[in-house]
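# Understanding the architecture of this molecule
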Amino acid sequence: MPADLYRSPIPEQLWERIRNEYSLPTLEQVHERLTAVQEDPDPVMQQLFRVFVGEETYCPGFQFRPDLSLDPAVVELFERALALRIPHNYFALWMMVPSPALQGKRPVDLQHRRAAPALTAALERAFTSMAA
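Residues numbered from 1 in each chain as written. Predicted model: local features only at pLDDT ≥ 70, side-chain atom pairs only at ≥ 80, totals over all residues. Heavy atoms only, no water.

### Focus: the packing of aromatic side chains
- Applying the stated rule across the entire model yields 6 aromatic pairs.
- Taking 5.8 Å as the distance between ring centres and 40 degrees as the angle between the ring planes, the aromatic pair formed by Phe49 and Phe62 counts as tilted. Pair noted here: Phe49 is in the loop between α3 (42-47) and β1 (51-53) and Phe62 is in the loop between β2 (56-58) and α4 (72-83), with a separation of 13 residues, a long-range link.
- Residue classification places Phe49 among the buried residues on the basis of a relative accessible area of 1%.
- Centre to centre, the rings of Phe91 and Trp94 are 6.1 Å apart; their planes meet at 25 degrees, and the pair counts as stacked. Here the residue Phe91 and the residue Trp94 both occupy positions in helix α5 (residues 88-96), the gap between them amounting to 3 residues, near one helical turn.
- Residue classification places Trp94 among the buried residues on the basis of a relative accessible area of 1%.
- Through pairs of rings, three or more aromatic residues link up here, namely Tyr22, Phe49, Phe62, Phe78, Phe91 and Trp94.
- Cation over ring: Arg19 sits above Tyr58, and NZ or CZ is 5.8 Å from the ring centre. (Phe/Tyr/Trp six-rings, centres within 6.5 Å; stacked < 30°, edge-to-face > 60°. Helix = DSSP H or I, 4+ residues; strand = E, 2+ residues; numbered from the N terminus. Buried < 20%, exposed > 50% of the residue type's maximum accessible area, 1.4 Å probe, protein only. Lys NZ or Arg CZ within 6 Å of the ring centre and 35° of its normal.)

So, in structure tokens, the structure goes:
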């Protein structure tokens, strides 16, 4: 994995990959879907992880459970990413790229396996080593 991966422009293929594997609805689409199933979607909207592509704001589908609730592991990781000042788009990239700290697995593939401590450690390692 290139050392400058998280300093380079995000490859356009990432957005297509997320769209194909998990979905990549716009912020407006997510709001509409949440409004249809929840009386007050604002608490969920405030926790959403968003990415910014061109002029549009999207919400990677890997953060949602089938009932449109948010995956607690992704929420926890995203909160840590915010504390580390990791830009949203680079967090999305990190989630989708195989990590040496996770035996070559992608964080997105481990989020449902109660691997939160390992994922958090891998996130911190990836971005603190970058800042060094």
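Now that the structure has been shown, we can carry on.
### Some points on the pattern of salt bridges
- In total, this model carries 5 salt bridges according to the counting rule given.
- Measuring nitrogen to oxygen at the nearest pair gives 2.7 Å for the salt bridge that ties Glu16 to Arg19. Taken together, the residues span about one helical turn, with Glu16 and Arg19 both in helix α1 (residues 12-21) at a distance of 3 residues.
- Overall, the relative accessible area of 40% leaves Glu16 in the partly exposed class.
- Here Glu124 ties to Arg80 by a salt bridge, and the two come within 2.6 Å at their closest N and O atoms. Residue Glu124 is found in helix α7 (residues 116-131), and its partner Arg80 is found in helix α4; the two are separated by 44 residues along the sequence.
- Accessibility expressed as a relative area gives 30% for Arg80, which makes it partly exposed. (Salt bridge = Lys/Arg side-chain N within 4 Å of Asp/Glu carboxyl O.)

### So, the layout of surface pockets
- Of the voids in this model, the second largest pocket is the one considered here, and its volume is about 170 Å³.
- Lining the second largest pocket are 14 residues, and of these Tyr22, Ser23, Gly61, Phe62 and Phe64 sit closest to its centre.
- Grouping the amino acids of the lining of the second largest pocket by side-chain chemistry returns 7 nonpolar, 4 polar and 3 charged. (1 Å grid on protein atoms, 1.4 Å probe; cavity = no way out; pocket = protein on both sides within 12 Å on 5 of 7 lines; lining within 4 Å. Points joined across faces, edges and corners; volume = space filled by probe spheres on them. Nonpolar A, V, L, I, M, F, W, Y, C, P; charged D, E, K, R; others polar.)

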